[in-house]
Amino acid sequence: MGRIAYVNGSYLPHNEATVHIEDRGYQFGDGVYEVCEIHRGALIDEGRHLARLKRSLSELQIAMPLAEGALPIVLREVMRRNRIKDGYLYLQVTRGVAPREHCFPAPSVRPSLVVTTRAIDPNKGTTLAAAGIAVASMPDIRWKRPDIKTIGLLPNVLARQAAKERGAQEAWLVDAEGMVTEGAASNAWIVNSENVIITHQIDNTILSGVTRATLLDLIAAEGLRIEERRFSLAEAKAAREAFVTGATSLVMPVVTIDGTPVGNGHPGLLAQRLRVLFHNVAKRSS
Ligand code: PDD
């Protein structure tokens, strides 16, 4: 069975699913997206993803592409048509199609909506987590609003590619003051020698990760110590543990930073435990 995508009201085979050449997403990166985990047939943390989508759209003054209530129905229909059990759902909304002109189209046009799914073998993530990943630090050269989940991901793409060329699976973005903001496609965490878990506070310099928010719920439920604050690359290299979170990585232990082993160079115990417990607290909707 081929993959089915939703594009502006139609369910189509992938190779027939197209958007217009003057879509503002294509020309200006003028749009936003969400990536949502699908676990054992259920969408994970759909409520938080849709709330963030709404916020991203509102920051860019793009209208919701469908009436309230219709979007969850479309998401489920794409999942059903693809018979997906484990993987990801990708949702993208752009400002729509208009002759190329920087200012917003006036009168406004209908936003474009694309929804796709991708099946992933969940054992792949488990195997990767058992080994842990390497991260490479890169300067954070993004614009000043990475809190908006825009499709304009060029700095993230370049950082991830540069990390790959150094044998690492993720890039950690470092600001002008030597502080780690987040990963190219994940939030960054460390655990210090007193077992305090540390992650960047929510502000305009990072994306407010859905996995991050759910992990904070789990950390609170487990009574673990947490500090939401900035940490430096030097502090990370001296940490007992490090890990990243994201819809595609869940909780993924980091075992080296720029080639320096983190702790004993093996996946941290806390990170491993949080990974195992994650789906107990994440909200499932099917
Ligand atoms: N990225 N920070 C950045 C820059 C991200 O791109 C992502 C997610 C996260 C984690 O957010 P969440 O927990 O809501 O997935 C943090 C997705 C997975 C992507 O671009 O593929």
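Residues numbered from 1 in each chain as written. Predicted model: local features only at pLDDT ≥ 70, side-chain atom pairs only at ≥ 80, totals over all residues. Heavy atoms only, no water.

The next point concerns the site of the ligand. With respect to spatial proximity, 21 residues lie near the ligand, and among them Tyr33, Arg52, Glu182, Val210 and Thr211 are the closest. Note that a nitrogen atom of the ligand is positioned 2.6 Å from one of the side-chain N or O atoms of Glu182. In this structure, Thr211 approaches the ligand through a side-chain N or O atom, which is 2.5 Å from an oxygen atom. Protein chains shield 92% of the accessible area of the ligand, which is 480 Å² for the free molecule. Elements supplying a minimum of two residues to the shell around the ligand: strand E3 (31–39), helix H2 (46–59), strand E9 (179–183), helix H6 (210–221) and strand E14 (241–246). There are two domains that each give the shell around the ligand at least three residues, and those are domain 1 (4–120) and domain 2 (125–285). (Near = heavy atom within 4 Å. Polar contact = N/O pair within 3.5 Å; in protein donor to acceptor, adjacent residues only side chain to side chain. Areas by Shrake-Rupley, 256 points an atom, 1.4 Å probe, with all protein chains shown as cover. Helix = DSSP H or I, 4+ residues; strand = E, 2+ residues; numbered from the N terminus. Domains from an automatic or database assignment.)

A few words now on the domain arrangement of the protein. Interfaces are often sized by the amount of accessible area the parts lose when they come together. The domains assigned to the protein are domain 1 (4–120) and domain 2 (125–285). Taken over C-alpha atoms, the centre of domain 1 sits 26 Å from the centre of domain 2. With 28 residues of domain 1 at the interface, the matching set in domain 2 holds 24 residues. Of the roughly 2,200 Å² buried between domain 1 and domain 2, counting both surfaces, carbon and sulfur atoms make up 53%. Summed over the shared surface of domain 1 and domain 2, the number is 3 salt bridges. Remark: the boundary between domain 1 and domain 2 carries 16 residue pairs in polar contact (both at pLDDT 80 or more). Put simply, the parts of the chain that give the side of domain 1 that touches domain 2 at least two residues each are E3, strand E4 (42–44), H2 and strand E5 (87–94). Taken together, the residues of the side of domain 1 that touches domain 2 break down into 9 nonpolar, 8 polar and 11 charged. (Contact = heavy atoms within 4.5 Å. Buried area = accessible area lost by both parts, 1.4 Å probe. Salt bridge = Lys/Arg side-chain N within 4 Å of Asp/Glu carboxyl O. Nonpolar A, V, L, I, M, F, W, Y, C, P; charged D, E, K, R; others polar.)

This part is about helix H8 (residues 269–281). Its 13 residues give H8 an end-to-end C-alpha distance of 19 Å, which sits within 8% of 18 Å, the value for a rise of 1.5 Å per residue. At Arg275, H8 shows its largest kink, close to 30°. Where H8 is concerned, the buried positions are Leu270, Ala271, Leu274, Arg275, Leu277 and Phe278. (Expected span 1.5 Å × (residues − 1). Bend = angle between axes of the 7 residues up to and from the residue. Buried < 20%, exposed > 50% of the residue type's maximum accessible area, 1.4 Å probe, protein only.)

Turning our eyes to something else, we now look at unusual backbone geometry. For the bond from Ala106 to Pro107, the omega torsion is 0°, close enough to zero to count as cis. The residue Pro107 is located in the loop between E5 and strand E6 (112–119) in this model. One non-glycine residue, Asp45, adopts positive backbone phi at about 55°. Counting through the fold element by element, Asp45 comes out in the loop between E4 and H2. Under the relative-accessibility criterion, Asp45 is labelled buried at 5%. Positive phi, normally seen in glycine, also occurs at Asp258, with a value near 50°.

Here we come to the side chain of Gln92. Structurally, the position occupied by Gln92 is in strand E5. A polar contact is formed between the side chain of Gln92 and the side chain of Tyr90, at a distance of 2.6 Å. With residues near it in sequence (within four places) discarded, Gln92 still touches Val32, Tyr33, Ser112, Leu113, Val114 and Ile151.

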